[in-house]
Amino acid sequence: MAMPPNPRLTRRGLLATAGALTLVGCDAPARPLFSADAHPQGYPTVKAVEAMGKMLEERTKGELSIRIYAGGQLGNESDTLEIAIFGGIDLNRVNLGALNPIAPVTAVLSLPFIFRSVAHARRAFDGAPGRAILDALRPKGLVGLCYYDSGARSFYNTRGPIRTPADLKGLKMRVQTSDLYVAMMAAAGANPTPMPLGEVYQGLMQGVVDGAENNWPSYENTRHYEAAPYYSLSDHVMAPEVLVMSAHRWEKLRPDQREAVIESARDSVPVMRALWDERESKAQERLLAKGVKVNDDVDKAAFATAMRPVWERFVTTDTMRRLVDEVQALEGGDA
Ligand code: GTR
């Protein structure tokens, strides 16, 4: 008899397991929370959820734990979110961009140039606007637990430095599967191509796309720099990573278990920040040593002006307008 090609858990297998366990009911020993991440073991988001798992085990005296399926094993972010909403995955760490199509209010924190600094972005994530956006996920079948840092995203490509929107003209640039990102990239001057992260390396190698945009650690981690060695410091988006839980699993937890989940997620945020800051500077250092061609003479004001119409197009409700105002009113110094 033919052996299965790969012993690792398949999505179908996972759904079957989750379904069977759901039928067993609340009195059965709790199975671990299954958690999906597109990034591999060792990436700060994965380590942060690992840290959360340890805290959760301690707080619940072993009743609850987390098992992470890293490296996109369970599918790309749009797929895993769908599975989480359906109840087949309990936790999902994704970029906020992946949630744009599910909960339009998430656009607020993904708008181009909305943050004046990392400190400003962190204040928004930690404060009332961030909380309101996490809470808005609940009617969509997801419980927003916390944000993790993702630094700033910049353009990179196979051809040369990007300094002004004119330099993006004619370039096919990969974006996340989000209308907001498509519109942003088009407004910046390029031809946007939505594509799951896992396909971009090959896409760059084969010339299906000429470039993409991401932060330093993802640019390094995905090895996109091998095909696209021009990294232009546009810093156009500082959308955070987000950890969500399936409302299905959430509903099955007791109040004290929910509290332990919330507290452990919250306490994993400073862990992630420390890991992130270190990883961001290390990635930059290593990539410079590898000969990546970085230009920091990007005309950010020109990109901010070009991309600004996206705000009006995606900020469509009074709630969103209020959130944008709240974010802008926060202090934005680097302190
Ligand atoms: C990374 C992020 C991933 C994924 C990726 C992408 O910065 O950590 O979750 O969203 O970007 O561009 O698809």
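Residues numbered from 1 in each chain as written. Predicted model: local features only at pLDDT ≥ 70, side-chain atom pairs only at ≥ 80, totals over all residues. Heavy atoms only, no water.

Peer 1: How would you sum up the environment of Leu 233? Please name residues and give values.
Peer 2: Mapped onto the elements of the fold, Leu 233 is located in strand 9 (residues 230-237). Apart from the residues within four sequence positions on either side, Leu 233 is in contact with Ser 154, Trp 216, Val 294, Asn 295, Asp 296, Val 298 and Lys 300. (Helix = DSSP H or I, 4+ residues; strand = E, 2+ residues; numbered from the N terminus. Contact = heavy atoms within 4.5 Å.)

Peer 1: Which residues make up the site of the ligand, and what values do they have?
Peer 2: Around the ligand sit 13 residues in total, of which His 39, Glu 77, Arg 174, Asn 214 and Glu 241 are the nearest. Separating an oxygen atom of the ligand from a side-chain N or O atom of Arg 93 is a distance of 2.8 Å. By residue class, the composition of the shell around the ligand is one nonpolar, seven polar and five charged. (Near = heavy atom within 4 Å. Polar contact = N/O pair within 3.5 Å; in protein donor to acceptor, adjacent residues only side chain to side chain. Nonpolar A, V, L, I, M, F, W, Y, C, P; charged D, E, K, R; others polar.)

Peer 1: Tell me about the side chain of His 224, and name the residues and values.
Peer 2: With respect to the helices and strands, the residue His 224 is situated in the loop between helix 11 (216-221) and strand 9. Here His 224 falls in the buried class, since its relative accessible area comes to 1%. One polar contact links His 224 to Tyr 156, side chain to side chain, over a distance of 2.7 Å. Setting aside anything within four residues of it in sequence, one finds His 224 in contact with Tyr 156, Leu 197, Val 200, Tyr 201, Leu 204 and Tyr 219. (Buried < 20%, exposed > 50% of the residue type's maximum accessible area, 1.4 Å probe, protein only.)

Peer 1: Residues and numbers for the pattern of salt bridges, please.
Peer 2: For side chains of opposite charge, pairing can occur when their charged atoms come near one another. Following the criterion strictly, the structure yields 26 salt bridges and no others. The salt bridge involving Asp 135 is made with Arg 131; its shortest N-O contact spans 2.9 Å. Note that Asp 135 and Arg 131 are positioned in helix 7 (residues 128-135) at a spacing of four residues, about one turn of the helix. With a closest N to O distance of 2.6 Å, Arg 286 and Glu 220 form a salt bridge. Of the two residues, Arg 286 is situated in helix 13 (residues 255-289) and Glu 220 in helix 11; the sequence distance between them amounts to 66 residues. Owing to a relative accessible area of 12%, Glu 220 belongs among the buried residues under this scheme. Among the charged side chains, a salt-bridge network with shared partners connects Arg 122, Asp 126, Asp 149, Arg 273 and Asp 277. (Salt bridge = Lys/Arg side-chain N within 4 Å of Asp/Glu carboxyl O.)

Peer 1: I'd love a proper account of the packing of helix 7 against helix 16 (residues 318-329), names of residues and values included.
Peer 2: When two helices pack together, you describe them by how their axes are tilted relative to each other and by the distance separating the axes. One way to put it is that helix 7 packs onto helix 16 with a least axis distance of 9 Å and a crossing angle of 150°. What the angle tells us is that helix 7 and helix 16 run roughly antiparallel. Between helix 7, through Ala 128, Pro 129, Ala 132 and Ile 133, and helix 16, the contact on the second element is made entirely by Leu 323, Glu 326 and Val 327. Counted by class, the contact of helix 7 with helix 16 contains six nonpolar, no polar and one charged residues. (Axes fitted to C-alpha atoms, helices over the stretch in contact; angles between N-to-C directions. Parallel < 35°, antiparallel > 145°, perpendicular 65-115°, else oblique.)

Peer 1: An account of the nonpolar core is requested, with residue identities and associated values reported.
Peer 2: If you look at the biggest cluster of nonpolar residues, it comprises 58 residues, and the most contacted ones within it are Leu 99, Leu 109, Phe 115 and Leu 168. Element by element, the count of residues in this core is highest for helix 9 (residues 179-187), at five residues. Once residues lying within four places of it in the same chain are set aside, the contact partners of Leu 99 are Leu 81, Val 94, Thr 106, Leu 137, Leu 142, Val 242 and Val 244. Counting residues in each nonpolar core, the second largest holds 26 residues, with Ala 48, Tyr 148, Ala 260 and Met 272 among its members. (Core = buried A, V, L, I, M, F, W, Y, C linked by side-chain atoms within 4.5 Å.)

Peer 1: For the confidence of the model for the chain, give the residues involved together with the corresponding values.
Peer 2: Confidence in the prediction of the chain, expressed as mean pLDDT, is 93, and 90% of residues score 70 or more. Segment residues 19-29: pLDDT under 50, and three contacts once partners within four positions in sequence are set aside and those in other chains are kept. (pLDDT = per-residue confidence, 0-100.)

Peer 1: Give a description of the side chain of Ser 110 that names residues and reports values.
Peer 2: Take Ser 110: it is sitting in helix 5 (residues 107-110). Within the structure, Ser 110 has its side chain in polar contact with the backbone oxygen of Thr 106 (distance 3.3 Å). Setting aside residues no more than four positions away along its own chain, Ser 110 makes contact with Leu 96, Asn 100, Leu 180, Tyr 181, Met 184, Val 237 and Ala 239.

Peer 1: With reference to specific residues and values, describe the sheet that holds strand 4 (residues 142-148).
Peer 2: Pairing in this open sheet of five strands is mixed, and the strands run 2-1-3-10-4 from one edge to the other. Across the chains shown, the open sheet's two edge strands, defined by having one partner strand only, are strand 2 (66-69) and strand 4. Within this sheet the neighbouring strands show an average axis-to-axis angle of 25°, counted without direction. Bridge count between strand 1 (residues 33-37) and strand 3 (residues 91-95): three bridges; the pairing is parallel. The partner of Ser 35 across the bridge, within strand 3, is Leu 91. (Pairing = 2+ DSSP bridges.)

Peer 1: Tell me about the packing of aromatic side chains, and name the residues and values.
Peer 2: Scanning all chains against the criterion turns up ten aromatic pairs. Both rings, one in Tyr 156 and one in Tyr 219, keep their centres 4.4 Å apart while their planes meet at 35°; by these two values the pair is tilted. Taken together, the residues span a long stretch of sequence, with Tyr 156 in strand 5 (residues 153-157) and Tyr 219 in helix 11 at a distance of 63 residues. The same class applies to Tyr 156 as to Tyr 219, namely buried. (Phe/Tyr/Trp six-rings, centres within 6.5 Å; stacked < 30°, edge-to-face > 60°.)

Peer 1: Which residues make up empty space enclosed by the protein, and what values go with them?
Peer 2: Scanning the model with the defined rule gives three cavities of 30 Å³ or more in all. When its volume is computed, the largest cavity comes out at roughly 50 Å³. Approximately 40 Å³ is the volume found for the second largest cavity. Among the elements of the structure, strand 1, helix 3 (77-86) and strand 3 are those that each provide at least two residues to the lining of the second largest cavity. For the lining of the second largest cavity, the element with the most residues is strand 3, which contributes three residues. When grouped by side-chain class, the residues that make up the lining of the second largest cavity number five nonpolar, six polar and three charged. (1 Å grid on protein atoms, 1.4 Å probe; cavity = no way out; pocket = protein on both sides within 12 Å on 5 of 7 lines; lining within 4 Å. Points joined across faces, edges and corners; volume = space filled by probe spheres on them.)

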